[in-house]
Amino acid sequence: DPDKKTEVVLLACGSFNPITNVHLRLFELAKDYLHETGKYKVIKGIISPVGDAYKKKGLISASHRVTMAKLATKSSDWVEVDDWESSQSEWLETLKVLRYHHQKLQSPDATNSLQSVTPLTKPGRKRKQEPNRHEPVKKKSQSPDVKSVPQVKLLCGSDMLESFGIPNLWKLEDITEIVENHGLVCIIRAGNNVQKFIYESDILWRHKNNIHLVEDWVTNDISSTKIRRALRRGQSIRYLVPDVVQAYIEKNNLYSPESEDRNAGVVLAPLQKHTSDSKN
């Protein structure tokens with residue numbers, strides 16, 4: 001029964017500096033995997049490039065990174081780019097971006113302020129309805145026909161999952177909420193030892209049913225770092241990124257030794273934030 005399937009929106013956060021064919025490939029792999037379980041229907045993919053306030057070394061301006069991602073996804077009928085995260089003046093935790101998109105799916109109008117994102121659950125609400133016993137029962141009997149809000153799952157590579165282990169990069173409670181309330185779809189290389197990493201983390205182990213590990217058997221070792229290196233050396237990046245992205249990079253002369261030095265010596269925003277949090 002197709003109606004029983006859980007609808008899923010896949011959200012990929014990252015630098016996309018620049019977007020590559022491998023970034024796009026992650027979406028296809030994840031969608032195939034989730035459909036093959038028979039439990040999910042992937043309705044949308046969202047690429048959310050990080051804002052400039054992330055302060056990563058070599059990070060070029062968000063407007064260029066968003067434009068390249070939009071060019072790269074123009075030919076896709078289900079993956080799109082969202083620039084909400086990148087247009088914020090401050091760096092945002094990934095969890096807040098997940099919450100925002102979850103909220104947006106619930107109420108497409110109430111997405112103008114980040115304030116509307118925070119209270120996902122209003123604790124006192126259910127109790128007040130107690131005296132009127134009929135309503136909750138009625139709701140229950142309806143629930144099979146009513147399509148629930150799609151789940152927003154975080155799509156990532158094994159490097160992001162393993163970055164959960166880097167001190168001060170992630171807040172423990174954020175990791176917990178991500179795997180508990182949303183879920184991860186993690187694309188891993190054949191032979192990668194992500195299982196061991198999950199085994200060694202109590203939080204990840206407790207929620208391992210919400211972490212989907214997708215083995216990528218057609219491996220491709222393209223990374224944005226290597227693309228930028230090739231560009232600095234005047235080498236071709238054709239067939240590593242979509243043609244439209246390559247053309248845009250050349251036209252705007254985007255990557256150079258100078259752009260690679262941007263934010264050199266600056267501490268990454270999450271490390272700044274969480275290190276100062278733990279001191280306070």
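You'll find the structure just up there.
Here's what I pulled together on the structure shown here. (Residues numbered from 1 in each chain as written. Predicted model: local features only at pLDDT ≥ 70, side-chain atom pairs only at ≥ 80, totals over all residues. Heavy atoms only, no water.)

### Here we look at the overall build of the protein
What the protein contains, in helices and strands, is 13 helices and six strands. By residue count, 44% of the 280 residues in the protein fall in the buried class. The long-range fraction of contacts in the protein, counting pairs at least 24 apart against all pairs at least 6 apart in sequence, stands at 77%. In the form shown here, the protein has an accessible surface area of approximately 16000 Å², with 49% of it arising from carbon and sulfur atoms. (Helix = DSSP H or I, 4+ residues; strand = E, 2+ residues; numbered from the N terminus. Buried < 20%, exposed > 50% of the residue type's maximum accessible area, 1.4 Å probe, protein only. Contact = heavy atoms within 4.5 Å. Areas by Shrake-Rupley, 256 points an atom, 1.4 Å probe, with all protein chains shown as cover.)

### Let's talk about the state of the cysteines
Tallying each qualifying case throughout the model produces zero disulfides. Here cysteine 156 is not disulfide-linked; the sulfur of cysteine 186 is the nearest cysteine sulfur, at 4.1 Å. (Disulfide = S-S within 2.5 Å.)

### Structural notes on the pattern of salt bridges
All chains considered together, the criterion is met by 14 salt bridges. Note that lysine 273 and glutamate 93 form a salt bridge whose closest N and O atoms lie 3.0 Å from each other. With lysine 273 in helix α13 (residues 269-279) and glutamate 93 in the loop between β3 (79-81) and α3 (94-106), the pair connects residues that are 180 residues apart, well separated along the chain. Look at lysine 273 and you get partly exposed, because its relative accessible area is 28%. Look at glutamate 93 and you get buried, because its relative accessible area is 3%. For lysine 226, the salt bridge identified is with aspartate 221, shortest N-O distance 2.8 Å. (Salt bridge = Lys/Arg side-chain N within 4 Å of Asp/Glu carboxyl O.)

### Quick notes on the packing of aromatic side chains
What the rule picks out here adds up to five aromatic pairs. Taken together, a centroid distance of 4.7 Å and an interplanar angle of 85 degrees make the contact between phenylalanine 164 and tryptophan 170 edge-to-face. By the burial criterion, phenylalanine 164 is buried, and tryptophan 170 matches it. For the cation-ring pair, lysine 208 lies above tryptophan 205, with the distance from its terminal atom to the ring centre recorded as 4.0 Å. (Phe/Tyr/Trp six-rings, centres within 6.5 Å; stacked < 30°, edge-to-face > 60°. Lys NZ or Arg CZ within 6 Å of the ring centre and 35° of its normal.)

### Topic: the layout of surface pockets
In this model, the largest pocket occupies a volume close to 1300 Å³. Lining the largest pocket are 50 residues, and of these Cys13, Gly14, Lys56, Asp159 and Met160 sit closest to its centre. Those elements that provide at least two residues to the lining of the largest pocket are β1 (6-14), α1 (21-36), β4 (151-157), α6 (158-163), β5 (184-189), α10 (224-232) and α13. Partitioning the lining of the largest pocket into residue classes produces 23 nonpolar, 15 polar and twelve charged. (1 Å grid on protein atoms, 1.4 Å probe; cavity = no way out; pocket = protein on both sides within 12 Å on 5 of 7 lines; lining within 4 Å. Points joined across faces, edges and corners; volume = space filled by probe spheres on them. Nonpolar A, V, L, I, M, F, W, Y, C, P; charged D, E, K, R; others polar.)

### Brief notes about the pairing of β1
Counting buried residues along β1, seven of its nine residues qualify, which places the element largely inside the surrounding structure. As for the winding sense of the linkage, the β-α-β connection from β1 through α1 to strand β2 (residues 40-49) is right-handed. Two strands pair when backbone bridges link them, and β1 and β4 are joined in this way by four bridges, in the parallel orientation. Paired with leucine 11 across the strands is leucine 154, a residue of β4. (Right-handed = clockwise from strand over helix to strand, strands pointing away. Pairing = 2+ DSSP bridges.)

### Description of unusual backbone geometry
Glycine aside, the phi torsion of most residues is negative, and most peptide linkages are trans. Cis peptide bonds are those with omega within 30 degrees of zero, and the linkage from asparagine 17 to proline 18 qualifies with 0 degrees. For proline 18, the location among the structural elements is in the loop between β1 and α1. Positive phi outside glycine occurs at lysine 55, with the angle close to 65 degrees. Here lysine 55 shows up in the loop between β2 and α2 (62-73). On the accessibility criterion, lysine 55 (34% relative accessible area) is partly exposed.

### Details of the packing of α2 against helix α11 (residues 243-252)
Following both chains from N to C, one finds α2 and α11 inclined at 150 degrees, their axes separated by 8 Å at the closest point. Between α2 and α11, the crossing angle belongs to the class labelled roughly antiparallel. Pair α2 / α11 crosses with right-handed handedness. From α2, His64, Thr67, Met68, Leu71 and Ala72 reach across to α11, where they touch Val244, Val245, Tyr248, Ile249 and Asn252. (Axes fitted to C-alpha atoms, helices over the stretch in contact; angles between N-to-C directions. Parallel < 35°, antiparallel > 145°, perpendicular 65-115°, else oblique. Left-handed = near helix turned anticlockwise from the far one by under 90°.)

### Some details on α11
For α11, every residue scored as buried is listed here: Val245, Gln246, Tyr248 and Ile249. Angular distribution of buried residues about the axis of α11 spans 160 degrees; they occupy a single face of the element. In α11, the exposed residues that point more than 90 degrees away from the buried face are Glu250 and Lys251. Asparagine 253 occupies a position one or two residues after α11 and carries a positive phi of about 50 degrees. (Arc of directions from axis to C-beta.)

### A few points about the side chain of histidine 23
By the secondary structure assignment, histidine 23 is in helix α1. Residues in contact with histidine 23, not counting those within four places in the same chain, are Phe16, Pro18 and Ser224.

### Here's the deal with the environment of histidine 207
You can see histidine 207 is positioned in the loop between α9 (202-206) and β6 (211-216). The exposure class of histidine 207 is buried, given its relative accessible area of 14%.

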